[in-house]
Amino acid sequence: AVVSTQSTGSRASSTLFYAMDSASKLYIWDLGERDSAPLTTENYEGRGLLSFTELLPSVGPPVLILTYKDGSLAAHNVKKSAVRGEVDNITKLETYLATVL
């Protein structure tokens, strides 16, 4: 059963979202790529994934901060290919606007 979802609706990608199930599996979806299955599934059962949140660096793909049942935290870099280049396009636009304004 899915226990947590987070829709980015962010600069990374408006079609990218994450879901976590009760077995500590994290699913990364990009509906712009495909809607029949997640792009990737990460299994954190051995560590006991408790929650996650997304951070968006000013450059590059998103980073997921994972919280485990033992209280520890870990950073998980989302593969750049998972955001279909939208981060790079926005960065290029920001750079261009900074030079012309």
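Each residue is numbered by its place in its chain's sequence as written, counting from 1. Side-chain atom pairs in this predicted model are given and counted only at pLDDT of 80 or more, local residue features only at pLDDT of at least 70, and totals for whole chains, interfaces and linings cover all residues. To get the side-chain values, take all heavy atoms of the structure and skip hydrogens and water.

A. Inspection of the side chain of glutamate 54 at higher detail. The numbering of helices and of strands both runs from the N terminus, where a helix is a DSSP run of H or I of at least 4 residues and a strand a run of E of at least 2. Structurally, glutamate 54 is set in strand S5 (residues 49-55). When accessible area is computed with a 1.4 Å probe and restricted to protein chains, residues below 20% of their type maximum are described as buried, those above 50% as exposed, and intermediate ones as partly exposed. A residue is classified by how much of its surface remains accessible, and glutamate 54, at 12% relative accessible area, is buried. Separated by 2.9 Å, the side chains of glutamate 54 and tyrosine 18 make a polar contact. For the purposes of these results, a polar contact is taken to be a pair of N or O atoms within 3.5 Å, where, inside protein, one atom must be able to donate a hydrogen and its partner to accept one; residues adjacent in sequence count only when each atom of the pair is a side-chain atom.

B. Just the packing of aromatic side chains, in detail. Pairs were defined over the aromatic rings of Phe, Tyr and Trp, the Trp ring being its six-membered one, requiring ring centres within 6.5 Å. Orientation was assigned from the angle between planes: stacked under 30 degrees, edge-to-face over 60, tilted for the rest. Within this structure, the stated rule accounts for 3 aromatic pairs. Summarising the aromatic geometry, the rings of phenylalanine 17 and tryptophan 29 are spaced 5.9 Å apart at their centres and angled 10 degrees between planes, so their arrangement reads as stacked. A residue pair is termed long-range when its members are at least 10 positions apart, and phenylalanine 17 in strand S2 (residues 16-21) and tryptophan 29 in strand S3 (residues 25-30) qualify at 12 residues. The class of phenylalanine 17 is partly exposed, set by a relative accessible area of 22%. In this structure tryptophan 29 comes out as buried when scored by relative accessible area, which is 18%. With centroids separated by 6.1 Å and ring planes inclined at 75 degrees, the aromatic side chains of tyrosine 18 and phenylalanine 52 adopt a geometry described as edge-to-face. Remark: phenylalanine 52 occurs in strand S5 and tyrosine 18 occurs in strand S2; sequence separation between them is 34 residues. For the pair tyrosine 18 and phenylalanine 52, a shared accessibility class is recorded, and that class is buried.

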